[in-house]
Amino acid sequence: MCNALTILGAGIQLAGAAQQDKSLRRQADQVMTDAEEQAALEEDNAKYMAHQIRLEGERARGETLAGVAASGAKIGEGSALAAERQVIQNTEEDAMMAILNGSRTAESIRKGGRRARDELSDRRKALRISTFSSLLSSGAQGLAASGGASFKGWDFGGFNGSNDRGGFSMGNSMDWWLRNGKSGD
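Residues numbered from 1 in each chain as written. Predicted model: local features only at pLDDT ≥ 70, side-chain atom pairs only at ≥ 80, totals over all residues. Heavy atoms only, no water.

S.K.: I keep staring at the overall build of the protein chain and nothing clicks. Help me out?
M.R.: A count of helices and strands for the protein chain gives three helices and two strands. When the helices and strands of the protein chain are placed in sequence order, the string is α-α-β-β-α. Counting only residues that meet the buried cut, the protein chain has 23% of its 185 residues in that class. Here the contacts in the protein chain between residues at least 6 apart in sequence split such that 76% fall between residues at least 24 apart. (Helix = DSSP H or I, 4+ residues; strand = E, 2+ residues; numbered from the N terminus. Buried < 20%, exposed > 50% of the residue type's maximum accessible area, 1.4 Å probe, protein only. Contact = heavy atoms within 4.5 Å.)

Right, here's the structure in full:
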């Protein structure tokens, strides 16, 4: 039979890897949540800034109209109309630039979040491969330590010579865990 310590060590290693995988998945989820929240905050700040710019533009338009009226010119005609339109246009351009800059910053934050999530996903895959490799190594060590006696009663057709592989499901469970990265909890 395999060395009991080898089996115990492999089991503990598998449990630790499953816990670390779960932790990395939670970190990836949290990174994306944080990035989305920060991006939404940037967009809201940009909209608020645009609102403030528009309010300031209305004040500037009022001052322009008051200056035109004080000079005795008619409001809404000629150069007075051109000055008013210029103030409105400049205000709207500034407001739209604030929104555009906020949107660009938000998208940059989202990209950073996706990049960090992808890095954590790659670390999870590497962890699964490393764990599987270590489990194979532990199995080989156990087999070597037992002189091959660990697998008496097994052949390539299945347990006790039958063709039914249902009696030994660890391989299927391990394959599923490596593909999906979930421990089923």
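S.K.: Mind showing me how you'd approach the environment of Lys-74 here?
M.R.: In this fold, Lys-74 is placed in the loop between helix 1 (4-71) and helix 2 (78-145). Residue class for Lys-74 comes out exposed when judged on its relative accessible area of 58%. Look past the residues within four positions of Lys-74 in its chain and what remains in contact with it is Val-68 and Ala-80.

S.K.: How should the nonpolar core be read in this particular structure?
M.R.: Soluble globular proteins: nonpolar side chains tend toward being buried together. Counting residues in each nonpolar core, the largest one holds five residues, listed as Ala-17, Leu-24, Ala-28, Leu-120 and Leu-127. Counting residues per element, this core draws most heavily on helix 1, which supplies three residues. Residues within four places of Leu-127 in sequence aside, it is in contact with Ala-17, Gln-20, Asp-21 and Leu-24. (Core = buried A, V, L, I, M, F, W, Y, C linked by side-chain atoms within 4.5 Å.)

S.K.: Is there a simple way to explain the environment of Glu-37 in this structure?
M.R.: Tracing the backbone through its elements, the reader meets Glu-37 in helix 1. Classification of Glu-37 by relative accessible area gives exposed; the value is 52%. Separated by 72 residues in sequence, Glu-37 and Ile-109 place their C-alpha atoms 9.6 Å apart.

S.K.: Is there a simple way to explain the pattern of salt bridges in this structure?
M.R.: Think of it this way: side chains of opposite charge can pair up when their charged atoms draw near. Applying the stated rule across the entire model yields 11 salt bridges. Linking Arg-128 and Asp-21 is a salt bridge whose minimum nitrogen-to-oxygen distance equals 3.5 Å. Of this pair, Arg-128 sits in helix 2 while Asp-21 sits in helix 1, placing them 107 residues apart in sequence. Considered together, Arg-128 and Asp-21 belong to a single accessibility category, that of buried residues. Between Arg-61 and Glu-84 there is a salt bridge, with the nearest N and O atoms lying 2.5 Å from each other. (Salt bridge = Lys/Arg side-chain N within 4 Å of Asp/Glu carboxyl O.)

S.K.: So what exactly am I meant to see when it comes to the environment of Gln-30 here?
M.R.: The residue Gln-30 is located in helix 1 in this model. A residue is classified by how much of its surface remains accessible, and Gln-30, at 43% relative accessible area, is partly exposed. Polar contacts involving the side chain of Gln-30 include one to the side chain of Asp-34, which spans 2.7 Å. (Polar contact = N/O pair within 3.5 Å; in protein donor to acceptor, adjacent residues only side chain to side chain.)

S.K.: Is there a simple way to explain the confidence of the model for the protein chain in this structure?
M.R.: Interpretation of the predicted coordinates at a detailed level should be avoided for regions scoring low in pLDDT. Here the protein chain shows a mean pLDDT of 81. Residues at 70 or above account for 75%. For the protein chain, per-element mean pLDDT is lowest for strand 2 (residues 158-159), which scores 46, and highest for helix 1, which scores 90. Low confidence marks residues 155-171, where pLDDT is under 50. Its contacts with residues over four positions away, or in another chain, come to 16 contacts. (pLDDT = per-residue confidence, 0-100.)

S.K.: What am I meant to see in a nonpolar patch on the surface here?
M.R.: Nonpolar side chains collect at one region of the surface, where Leu-5, Leu-8 and Ile-12 lie side by side and expose about 340 Å² of accessible area between them. With respect to the helices and strands, the residue Leu-5 is situated in helix 1. (Patch = residues over 30% accessible without salt bridge, like charges linked within 9 Å, V, L, I, M, F, W, Y side chains within 5 Å. Areas by Shrake-Rupley, 256 points an atom, 1.4 Å probe, with all protein chains shown as cover.)

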